Amino acid sequence: QVQLVESGGGLVQTGGSLALSCAASGNIFNIHVMGWYRRAPGNQRELVATITSPTNANYADSVKGRFTISRDNAKNMVYLQMNNLKPEDTSVYYCHVRPAFGPAYWGQGTQVTVSS
């Protein structure tokens with residue numbers, strides 16, 4: 001069984017920062033892609049950032065220059081540093097992990113709220 005546990009969400013003012021973490025545990029090996037998605041009320045889930053290697057990261061245009069994704073392969077963890085947060089960043093953020101083989105997995109989500 002595979003578990004993804006996110007942490008680090010919360011309430012912050014506009015312009016503030018938050019750091020999200022996601023730990024993958026259980027029977028999971030050779031993780032190919034790790035990433036973060038988000039879904040605001042009434043909206044579809046959207047990609048925030050993904051990373052396949054330490055230098056191969058992909059970002060949504062709306063977060064480029066403000067968010068940084070990183071991963072620790074030894075610990076099966078992925079991180080999302082979020083700076084200069086805006087009210088439109090308010091969402092539930094989900095960790096996503098896709099191994100080289102087998103199904104992908106989702107975390108349970110962590111709430112990020114940015115007050116204006």
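Residues numbered from 1 in each chain as written. Predicted model: local features only at pLDDT ≥ 70, side-chain atom pairs only at ≥ 80, totals over all residues. Heavy atoms only, no water.

**Details of the pattern of salt bridges**
And then number 1: Within the structure shown, the criterion is met by 4 salt bridges.
And then number 2: Put simply, K64 and D61 hold a salt bridge, and the shortest N to O gap is 3.1 Å.
And then number 3: Salt bridges linked by common partners bring R38, E46, R66 and D89 together as one network. (Salt bridge = Lys/Arg side-chain N within 4 Å of Asp/Glu carboxyl O.)

**So, the environment of G107**
And then number 1: Looking at where G107 falls in the secondary structure, it is placed in the loop between β10 (105-106) and β11 (110-115).
And then number 2: The buried category is assigned to G107, whose relative accessible area is 11%.
And then number 3: Residue contacts for G107: discarding those within four places in its chain leaves L4, E6, Y94 and C95. (Helix = DSSP H or I, 4+ residues; strand = E, 2+ residues; numbered from the N terminus. Buried < 20%, exposed > 50% of the residue type's maximum accessible area, 1.4 Å probe, protein only. Contact = heavy atoms within 4.5 Å.)

**With respect to the state of the cysteines**
And then number 1: A full pass over the atoms with the stated rule returns 1 disulfide.
And then number 2: Paired by a disulfide, C22 and C95 hold their sulfur atoms 2.1 Å apart. Between C22 and C95, the disulfide has an S-S torsion of -80° and is therefore left-handed. With C22 in strand β3 (residues 18-26) and C95 in strand β9 (residues 91-99), the pair connects residues that are 73 residues apart, well separated along the chain.
And then number 3: Note on C22: relative accessible area 0%, which makes it buried.
And then number 4: C95 gets classed as buried once you look at its relative accessible area, which sits at 0%. (Disulfide = S-S within 2.5 Å.)

Taken by themselves, the reported measurements are silent on function.
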